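# Structural description and commentary
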Amino acid sequence: MATASTVRSVQKKPLPAGLPREWYESHNRRLKAMRLAISLLDSGTYDAKRATNRKIRTMAVRTGIHRPSNVTCKMVRAFIKES
């Protein structure tokens, strides 16, 4: 009989204070792009060419993430290409 293992969430650490606003924006954009790339890879989209803006935005709606911009969609494709 297999037992279900519980997945622990990662302890969040506060972001460092005193950095320029652009750093926080790019940091959050990278996190969003990584979450979307992981979701797309889990759903079977392994090719960056198949990850269109429409598909990425549809995945964002499914996973409860705010609608990504064109720049974020480009980052998602870059993450998928590197994997």
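The structure we're discussing is the one just above.
Conventions used here
Residues numbered from 1 in each chain as written. Predicted model: local features only at pLDDT ≥ 70, side-chain atom pairs only at ≥ 80, totals over all residues. Heavy atoms only, no water. Core = buried A, V, L, I, M, F, W, Y, C linked by side-chain atoms within 4.5 Å. Buried < 20%, exposed > 50% of the residue type's maximum accessible area, 1.4 Å probe, protein only. Helix = DSSP H or I, 4+ residues; strand = E, 2+ residues; numbered from the N terminus. Contact = heavy atoms within 4.5 Å. Phe/Tyr/Trp six-rings, centres within 6.5 Å; stacked < 30°, edge-to-face > 60°. Axes fitted to C-alpha atoms, helices over the stretch in contact; angles between N-to-C directions. Parallel < 35°, antiparallel > 145°, perpendicular 65-115°, else oblique. Nonpolar A, V, L, I, M, F, W, Y, C, P; charged D, E, K, R; others polar. Salt bridge = Lys/Arg side-chain N within 4 Å of Asp/Glu carboxyl O.

Let's shift gears to the nonpolar core. Counting residues in hydrophobic clusters, the biggest one holds 13 residues, and the most contacted among them are Leu36, Leu40, Ala51, Ile56, Val76 and Ile80. Listing elements by their share of this core, those giving two or more residues are helix H1 (21–43), helix H2 (53–63) and helix H3 (70–82). Here this core takes four residues from H1, the largest share from any one element. In contact with Ile56, other than residues within four places in its own chain, are Leu36, Leu40, Ala51, Pro68, Cys73, Val76 and Arg77.

Another aspect to go through is the packing of aromatic side chains. Under the definition given, this model contains one aromatic pair. Consider the rings of Trp23 and Tyr24, whose centres lie 5.3 Å apart with planes at 90°: the pair is edge-to-face. On the accessibility criterion, Trp23 (30% relative accessible area) is partly exposed. Exposure remark for Tyr24: the relative accessible area of 21% places this residue in the partly exposed category.

Okay, the packing of H2 against H3 next. Viewed as axis vectors pointing N to C, H2 and H3 meet at an angle of 95°, and their least axial separation amounts to 10 Å. When the axes of H2 and H3 are compared, the pair comes out roughly perpendicular. Taken together, the residues of H3 that come into contact with H2 (itself represented by Asn53, Ile56 and Arg57) are Asn70, Cys73, Val76 and Arg77. In the contact of H2 with H3, the residues fall into three nonpolar, two polar and two charged.

With that settled, consider the pattern of salt bridges. If the charged atoms of two oppositely charged side chains come close together, the side chains can form a pair. Applying the stated criterion to the full structure yields one salt bridge. Across the pair Arg21 and Glu25 runs a salt bridge, and its minimum N-O distance is 3.0 Å. Placement of both Arg21 and Glu25 in helix H1 is noted, with a separation of four residues, approximately one turn of the helix. Since its relative accessible area comes to 40%, Glu25 is described here as partly exposed.

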